[in-house]
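# Observations on the three-dimensional arrangement
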Amino acid sequence: MRIRVVRIREIRDESKYVKTFLLDTSFEFTPGQFIMVWIPGIDEKPFALSSKDGFTVQIYGEFTKKMFSLKPGDKIGIRGPFGRGYHLKKDSKRILLISGGIGISSLIPLAEEARNLGIEVDILAGFRSKDYMAFIERIKSLSRNYLIATDDGSFGVKGFVTDFIEKFLKKHYDQVFVCGPEIMMKKVFDKISFKFETQYSLSRYIKCGIGICGSCVIDGKGLLVCKDGPVFYDRELLGTSFGYYKRDEYGRRIYFK
Ligand SMILES: Cc1cc2nc3c(=O)[nH]c(=O)nc-3n(C[C@H](O)[C@H](O)[C@H](O)COP(=O)(O)OP(=O)(O)OC[C@H]3O[C@@H](n4cnc5c(N)ncnc54)[C@H](O)[C@@H]3O)c2cc1C
Ligand code: FES
């Protein structure tokens, strides 16, 4: 798929380290799908769509710092949407969304879709601190029950999302959707998978984004995050490197501690 050049229409500050970039184009997409964003002379990186016309960025290294220096009217290159997003069953009555950090950005459009279908949504969202938060008003308005946790207690309750899961599990959920750091997702997996039907959005090093280069492989079953995922059912992740290690841009293993 060719790169399309688009303009940034609006930039919203979500918090000190998170911004949403709204574009002068819109995408037909399934929540959980991602686009490749290209800044000429810098790099091309994957970002989940947080709405039909935008994506949300947490500042990290060179690429995201450059994103933060862009202004409305600036041009960027886009490929996608790519990958397999979340599978929301239209007959679900109640779903639970669990996010860690910037993982909330792919779950917000899912919450919107669910609410439009009359599905009850509960949200458990964790952030490092108030400086890394995003979509707080959307979390409140879209959910029936929500809990926001920060690692340092600077907003909401103090602690990790995994400390509060039991509060939610007294109810039955038809589907559970999880997006966040892999260590957190593995803890959630160990607590709830196979008790509830659960889907996880994974991150691996994306280069081509279209299933050619093998950079984003999950060892064990040869699943490709860019093509078979990024969203996987719990059963698909059994017998894979999920929760144990990922590979960096050179293919070296990086173990989760
Ligand atoms: C499917 C998918 C969806 C994503 N959605 C979002 C999102 O909605 N918002 C957001 O802020 N971030 C998202 N990311 C992560 C985002 O791609 C990285 O934050 C970004 O590439 C960091 O680049 P950098 O140069 O600023 O930092 P770097 O210092 O280069 O990298 C920081 C960390 O980002 C990750 N990363 C770097 N390059 C890549 C790459 N090519 N592919 C995958 N991970 C990489 C690595 O874990 C690395 O350790 C997503 C990643 C994937 C795989
Ligand atoms: S990034 Fe190339 S196969 Fe997935």
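These notes cover the structure that comes with them. Because the structure is predicted, anything quoted here is derived from the model rather than measured. (Residues numbered from 1 in each chain as written. Chains lettered and ligands numbered in written order. Predicted model: local features only at pLDDT ≥ 70, side-chain atom pairs only at ≥ 80, totals over all residues. Heavy atoms only, no water.)

### Comments concerning the site of ligand 1
The line we're drawing: For this purpose, a residue is taken to be near a molecule or strand whenever a single non-hydrogen atom of the residue falls within 4 Å of it. Polar contact criterion, stated in full: a pair of N or O atoms within 3.5 Å, where within protein one must be able to donate a hydrogen and the other to accept it, and residues adjacent in sequence count only if both atoms are side-chain atoms. Note that accessible areas follow from Shrake-Rupley with a 1.4 Å probe, and for residues the cover is restricted to the protein chains shown. For helices the rule is a DSSP run of H or I covering at least 4 residues; for strands it is a run of E covering at least 2, with both sets numbered from the N terminus onward. When residues are grouped by polarity, Ala, Val, Leu, Ile, Met, Phe, Trp, Tyr, Cys and Pro land in nonpolar, Asp, Glu, Lys and Arg in charged, and all others, Gly among them, in polar.
Near ligand 1, the surroundings consist of 20 residues, among which Lys 45, Pro 46, Thr 56, Gly 61 and Thr 64 are the closest. At 2.7 Å from an oxygen atom of ligand 1 is found a main-chain nitrogen or oxygen belonging to Pro 46. One of the backbone N or O atoms of Glu 62 is found 3.4 Å from an oxygen atom in ligand 1. In isolation ligand 1 offers 860 Å² of accessible surface; the protein chains occlude 78% of this area. Every element with two or more residues in the shell around ligand 1 is listed here: strand S4 (43-51), strand S5 (54-58) and helix H1 (62-69). A total of four residues in the shell around ligand 1 trace back to one element, the largest contributor, which is S4. In the shell around ligand 1, the residues fall into 10 nonpolar, six polar and four charged.

### Structural notes on the sheet that holds strand S8 (residues 120-127)
Adjacent strands of a sheet pair through backbone hydrogen bonds, lying either parallel or antiparallel. As a reminder, the rule being used: Paired strands are those between which DSSP finds at least two bridges. Residue contacts are defined here by distance: any two heavy atoms, one from each residue, within 4.5 Å place the two residues in contact. Note on geometry: axes are lines fitted to C-alpha atoms, helical ones only across the stretch in contact, with angles between N-to-C directions running from 0 to 180 degrees.
Across the sheet, seven strands lie side by side as S10-S9-S8-S7-S11-S12-S15; this open sheet has mixed pairing. The open sheet terminates on both sides in strands that have one partner only, identified here as strand S10 (157-158) and strand S15 (231-233). Summarising the sheet, S8 and strand S9 (residues 145-150) pair through six bridges and their orientation is parallel. Pairing of Asp 122 across the sheet is with Asn 145, part of S9. Contacts between helix H4 (residues 161-168) and the sheet are confined to strand S7 (94-100), S8, S9 and S10, with S8 contributing the most and set at about 160° to the helix.

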